[in-house]
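Architecture at a glance
Each chain, letter by letter, is given below.
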Amino acid sequence: MDLLAQYALYGLVSAGVLALPASALTLVYGLLHYPNFAIAEMVMVGAYVAIALQVVGVPLPLAVGGAGLLVGALATALDQGLFRRVRRYGPLPPLLMSIGVMFILQNAVRFVAGNRMRAFDLPVLRPLEVLGLRIGPYQLVMIGVSVALLAVGHLLLARTRIGKAIRATADNPEVALASGIDAEWVARIVWFATGMLAGVAGGLLALETVVSPLMGWNLLLPVFAVAVLGGLGSLSGALVGALIVGLAQEWSTLLLPATYKNLVAFVILAAILLWRPSGLLGRARPSGR
């Protein structure tokens, strides 16, 4: 039982990291109705940016936050320079565009930083004891930052004018436009938030593991499994999906080698597509798009 609880704690750490890019994925899908396959590569870029900022002397919290801002700016530029030009033609062109961007980002990082694995220069800290369970201080930071960002995102969507504009545009873009809401302005806000969440997720993930150009590729399937399981377009669903996938992946290591974690994510993804394609908390796609 103690072993199950210990691995459940590890699952919470994994869930915290997965929930951020999955929320970013579901934000774009909820507003624009196409999946962004480049989201995992944005996480990878965020990890490299955070490490590069720390190398030049930026304190760790500012390095992670700076990665979020810079990747947010990158995501906005990608939307305005590429995705905006093809959105009017339906979901397939931007979906294919996102696959192209995925490979461009991966190979751009290879060209600039090389293939060598990198990591933060951090002191080794002793794990903490919490209710008889062991957890590293950096893992606690990962959980705390993820929960804080998701809580702030939920409040912004539910309580602010920007959030209401996003929800109105996602629900019925024609009515939102008639109400004076600028759909392109809303898209820019959502893409910046998408990049920011992905960039911070990359910085947090670099606290726990080494970083390589293939990091995003290895993260893509679990992120999609989380988003689809929770329901594309649902932020609360992304959190629920992250908890389920994170716990399932960590518990699976009690029986299977850790290299099979992505297989577990694929099985969950396949099962939810067969059983409930809209996800646990998802809803039918809005009409008129």
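Residue numbering note: each chain is counted from 1, following its sequence as written. Restriction of local features to residues with pLDDT of at least 70 applies here, the model being predicted, together with a cutoff of 80 or more for giving and counting side-chain atom pairs; totals for whole chains, interfaces and linings are based on all residues. Heavy atoms throughout the structure, all of them, feed into the side-chain values; hydrogens and water do not.

**Topic: unusual backbone geometry**
Convention followed: Numbering of helices and strands starts at the N terminus; helices are DSSP runs of H or I of at least 4 residues and strands are runs of E of at least 2.
For histidine 33, which is not a glycine, the phi torsion comes out positive at approximately 65°. Note that histidine 33 resides in the loop between α1 (2–32) and α2 (39–55).

**Things to note about the packing of aromatic side chains**
Where we set the bar: Two aromatic rings, drawn from Phe, Tyr or Trp (for Trp, its six-membered ring), form a pair once their centres lie within 6.5 Å of each other, and the interplanar angle then sorts them: stacked below 30 degrees, edge-to-face above 60, tilted otherwise. Relative accessibility under 20% of the residue-type maximum defines a buried residue, over 50% an exposed one, and the middle range a partly exposed one, all with a 1.4 Å probe and only protein chains included.
Enumeration according to the criterion identifies five aromatic pairs in this entry. Between the aromatic rings of phenylalanine 37 and phenylalanine 224, the centroid separation amounts to 4.8 Å while the plane-to-plane angle is 25°, which identifies the pairing as stacked. Residue phenylalanine 37 is located in the loop between α1 and α2, and its partner phenylalanine 224 is located in helix α9 (residues 215–230); the two are separated by 187 residues in the primary sequence. We classify phenylalanine 37 as partly exposed; its relative accessible area is 23%.

**Some points on a nonpolar patch on the surface**
Which entries qualify depends on this criterion: Here a patch means residues that are over 30% exposed by relative accessible area and free of salt bridges, tied together within 9 Å if like-charged and within 5 Å if nonpolar (Val, Leu, Ile, Met, Phe, Trp, Tyr). All accessible areas in this document rest on Shrake-Rupley with a 1.4 Å probe, and a residue is counted as covered only by the protein chains that are shown. A pairing counts as a salt bridge when a side-chain nitrogen of Lys or Arg comes within 4 Å of a carboxyl oxygen of Asp or Glu.
On the surface, a cluster of nonpolar side chains totalling about 960 Å² of accessible area is made up of Leu3, Leu4, Trp251, Leu254, Leu255, Leu256, Tyr260, Leu263, Phe266 and Val267. Contributions of two or more residues to the nonpolar patch are made by α1 and α11 (261–275). The dominant element in the nonpolar patch, judged by the number of residues it contributes, is α11, at three residues. Note that leucine 4 resides in helix α1.

**Looking at the nonpolar core**
Soluble globular proteins tend to pack their nonpolar side chains together in the buried interior. Put simply, the rule is: Throughout, nonpolar core names a set of buried Ala, Val, Leu, Ile, Met, Phe, Trp, Tyr and Cys residues whose side chains join them through atoms within 4.5 Å.
Counting residues in each nonpolar core, the largest one holds 83 residues, and the members touching the most others are Met42 and Trp191. In terms of residue count, the dominant contributor to this core is α1 (14 residues).

**Here we look at the environment of methionine 97**
Using the following cut-off: Whether two residues touch is decided by their heavy atoms; if any such pair falls within 4.5 Å, the residues are in contact.
Here methionine 97 shows up in helix α4 (residues 92–113). In this structure the C-alpha to C-alpha distance between methionine 97 and alanine 22, which are 75 residues apart in sequence, comes to 19 Å. Not counting residues up to four positions away in its chain, the partners in contact with methionine 97 are Leu82, Phe83 and Val86.

**A word on the confidence of the model for the protein**
What counts, and what does not: Every residue carries a pLDDT, the predictor's confidence in it, which falls somewhere between 0 and 100.
In this model, the protein carries a mean pLDDT of 89, and residues with pLDDT of at least 70 account for 97%. Segment residues 285–289 is flagged for pLDDT under 50; beyond a separation of four residues in sequence, or across chains, it makes 10 contacts in the model.

**Examining α2**
This is how it is decided: Multiplying one less than the number of residues by 1.5 Å gives the expected span of a helix.
Taking 1.5 Å of rise per residue, the 17 residues of α2 would be expected to cover 24 Å, and the 25 Å separating its terminal C-alpha atoms lies within 8% of that figure. Among the 17 residues of α2, 15 are classified as buried, and the element is accordingly described as predominantly covered. Of the residues flanking the end of α2, it is glycine 57, one or two places downstream, whose phi is positive at about 105°.

**Quick word on the environment of threonine 76**
What counts is decided by this rule: A 3.5 Å cut-off defines polar contacts: any pair of N or O atoms within that distance qualifies, except that in protein one atom must be a possible hydrogen donor and the other a possible acceptor, and neighbouring residues in sequence count only when both atoms are side-chain atoms.
Tracing the backbone through its elements, the reader meets threonine 76 in helix α3 (residues 60–86). Residue classification places threonine 76 among the buried residues on the basis of a relative accessible area of 17%. Considered as a pair, threonine 76 and isoleucine 39 are 37 residues apart in the sequence and their alpha carbons are 13 Å apart. When residues no more than four places from it in sequence are discounted, the contact partners of threonine 76 are Arg188, Trp191 and Phe192. At 2.9 Å, the side chain of threonine 76 forms a polar contact with the backbone oxygen of glycine 72.

**Regarding the packing of α2 against α3**
Let me state the cut-off plainly: Here an axis means a line fitted to C-alpha atoms, over the contact stretch when the element is a helix, while the angle between two N-to-C directions is reported on a 0 to 180 degree scale. Put simply, angles under 35 degrees are roughly parallel, angles over 145 are roughly antiparallel, angles from 65 to 115 are roughly perpendicular, and the rest are oblique. The crossing is said to be left-handed when, going from far helix to near helix, the turn is anticlockwise and less than a right angle, and right-handed when the turn is clockwise. In this count, Pro and Cys sit with the nonpolar residues alongside Ala, Val, Leu, Ile, Met, Phe, Trp and Tyr, while Asp, Glu, Lys and Arg are called charged and the others, Gly among them, polar.
Packing of α2 against α3 brings their axes to within 8 Å, and their N-to-C directions diverge by 135°. Taken together, the axes of α2 and α3 lie oblique to each other. Regarding α2 and α3, the two cross each other, and that crossing is right-handed. When α2 is examined against α3, the residues Met42, Val45, Gly46, Val49, Ala50, Leu53 and Gln54 are found in contact with a partner set consisting of Ala63, Val64, Gly66, Ala67, Leu70, Val71, Leu74, Ala75 and Leu78. Its residues placed into classes, the contact of α2 with α3 shows 13 nonpolar, three polar and no charged.

**Some points on the packing of helix α10 (residues 235–252) against α11**
It is the contact of α10 with α11, at a shortest axis distance of 9 Å, that shows an interaxial angle of 135°. For the element pair α10 / α11, the angle class is oblique. Where α10 crosses over α11, the two elements pack in a sense that is right-handed. Residue-level inspection shows Val245, Ala248, Gln249, Glu250 and Ser252 of α10 in contact with α11, the latter providing Lys261, Asn262, Val264, Ala265 and Ile268. Along the lines of polarity and charge, the residues of the contact of α10 with α11 split into five nonpolar, three polar and two charged.

**Details of the side chain of arginine 87**
Along the chain, arginine 87 turns up in the loop between α3 and α4. By relative accessible area, which is 15% here, arginine 87 ends up buried. Every residue in contact with arginine 87, bar those within four places of it in the chain, is listed here: Leu32, Tyr34, Asp79, Glu184, Ala187 and Trp191.

**Things to note about the pattern of salt bridges**
Close approach of charged atoms allows side chains of opposite charge to pair. Evaluation of the coordinates by the stated rule reveals five salt bridges. The closest approach of N and O atoms between glutamate 250 and lysine 261, which form a salt bridge, is 2.9 Å. Taken together, the positions of glutamate 250 in helix α10 and lysine 261 in helix α11 put the pair 11 residues apart, joining distant regions of the chain. Overall, the relative accessible area of 9% leaves glutamate 250 in the buried class. Relative accessible area serves as the criterion here: at 24%, lysine 261 is assigned to the partly exposed category.

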